[in-house]
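Chain residues, written in single-letter form:
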Amino acid sequence: MDAGSEQALRRQSRIFANATAILILILCFGIAICFSTALTAPAGDAHELTLLHTLYWFPSVFYLWVLIAIRRTFADIAAGAMFGTSLERGLRHLGWCMVAGGIAGTFLAPWVRSGPLPGGLVDGRTQIFGIDDADLVIALIGLAVLLLARLLSLAGRTQERAAALEAELKGFV
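From a predicted model like this one, the values you see are computed outputs, not experimental measurements.

K.L.:
What is the right way to look at a nonpolar patch on the surface in this model?
P.N.:
Taken together, the side chains of Trp96, Val99, Ile103 and Phe107 present a nonpolar region at the surface, about 490 Å² in accessible area. One can find Ile103 in helix H3 (residues 85-113). Ile103 sits in the partly exposed class, given a relative accessible area of 47%.

Structure representation (structure tokens):
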């Protein structure tokens, strides 16, 4: 991989790592605002509302872990770790967290949405700002896949160049 391509990839990875950190903060802020509604609930409804919010946002813990794993992978690539344990670890965490979050969301979300909500506090939607964290994570996974595709493309060109150099060296022997 030539130095210019590697520098461009590292710069792009740094941008993606920073964007991912901002998304993590936005999601945490949204969850905190959602939970703050339980503080304004009447005394009898506060515990029920807190429990419903907890159940609703439980899959988001896994999606936050996905975002953290992706951010760490972007940061590692930005620091120069193109292949090896960094990439493998990031993809492994990404996969397991997506599976766990998807399973938890599949079972918990319908149950919470059909649960009784305290009157006058919420209208059945517990999403804050209309943001669905799963969609956010899927978009970020798309960015990660684009970056990995670019990384693999650069690796392929480097492999071709290495093969050409090896063939040229065999001509001298």
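Now that the structure has been shown, we can carry on.
K.L.:
I keep staring at helix H2 (residues 43-78) and nothing clicks. Help me out?
P.N.:
Every α-helix winds through 3.6 residues per turn, so residues three or four apart in the chain are directed the same way. The terminal C-alpha atoms of H2, which comprises 36 residues, lie 49 Å apart, in line with the 52 Å expected from a rise of 1.5 Å per residue. In the structure, H2 departs most strongly from a straight axis at Trp57, where the bend amounts to approximately 35 degrees and where the proline Pro59 lies between one and four residues downstream. Positive backbone phi, at 110 degrees, marks Gly80, one or two positions downstream of H2.

K.L.:
Looking at this structure, I do not really get the packing of aromatic side chains. What am I missing?
P.N.:
What characterises a pair of aromatic rings is the spacing of the ring centres plus the angle enclosed by the ring planes. This model, assessed by the stated rule, comprises 2 aromatic pairs. Arranged with centres 5.3 Å apart and planes meeting at 55 degrees, the rings of Phe16 and Phe74 form a pair that is tilted. Of this pair, Phe16 sits in helix H1 (residues 3-39) while Phe74 sits in helix H2, placing them 58 residues apart in sequence. Note on accessibility: Phe16 and Phe74 belong to one class, buried.

K.L.:
Explain the pattern of salt bridges to me, please; I cannot follow it from the model alone.
P.N.:
Side chains bearing opposite charge may pair, as long as their charged atoms lie close to each other. Throughout the structure, instances matching the rule amount to 2 salt bridges. Among the salt bridges present, the one from Arg10 reaches Glu6, with a minimum N-O distance of 4.0 Å. With a gap of 4 residues between them, Arg10 and Glu6 both fall in helix H1, about one helical turn apart. Judged by relative accessible area, which is 25%, Glu6 ranks as partly exposed. Notably, a salt bridge pairs Lys170 with Glu166, separated by 3.9 Å at the nearest N-O pair. Residue Lys170 and its partner Glu166 are both found in helix H4 (residues 133-172); the two are separated by 4 residues, about one turn of the helix.

K.L.:
Is there a simple way to think about a positive patch on the surface in this case?
P.N.:
A surface patch of like charges, here positive, comprises Arg11, Arg14, Arg150 and Arg157. Looking at the positive patch, the elements that each hand over two or more residues are H1 and H4. Here Arg11 shows up in helix H1.

Cut-offs used in this document
- Residues numbered from 1 in each chain as written.
- Predicted model: local features only at pLDDT ≥ 70, side-chain atom pairs only at ≥ 80, totals over all residues.
- Heavy atoms only, no water.
- Patch = residues over 30% accessible without salt bridge, like charges linked within 9 Å, V, L, I, M, F, W, Y side chains within 5 Å.
- Areas by Shrake-Rupley, 256 points an atom, 1.4 Å probe, with all protein chains shown as cover.
- Salt bridge = Lys/Arg side-chain N within 4 Å of Asp/Glu carboxyl O.
- Helix = DSSP H or I, 4+ residues; strand = E, 2+ residues; numbered from the N terminus.
- Buried < 20%, exposed > 50% of the residue type's maximum accessible area, 1.4 Å probe, protein only.
- Expected span 1.5 Å × (residues − 1).
- Bend = angle between axes of the 7 residues up to and from the residue.
- Phe/Tyr/Trp six-rings, centres within 6.5 Å; stacked < 30°, edge-to-face > 60°.
- Lys, Arg positive; Asp, Glu negative; His and termini not counted.
- Charge placed at Lys NZ, Arg CZ, Asp CG, Glu CD.

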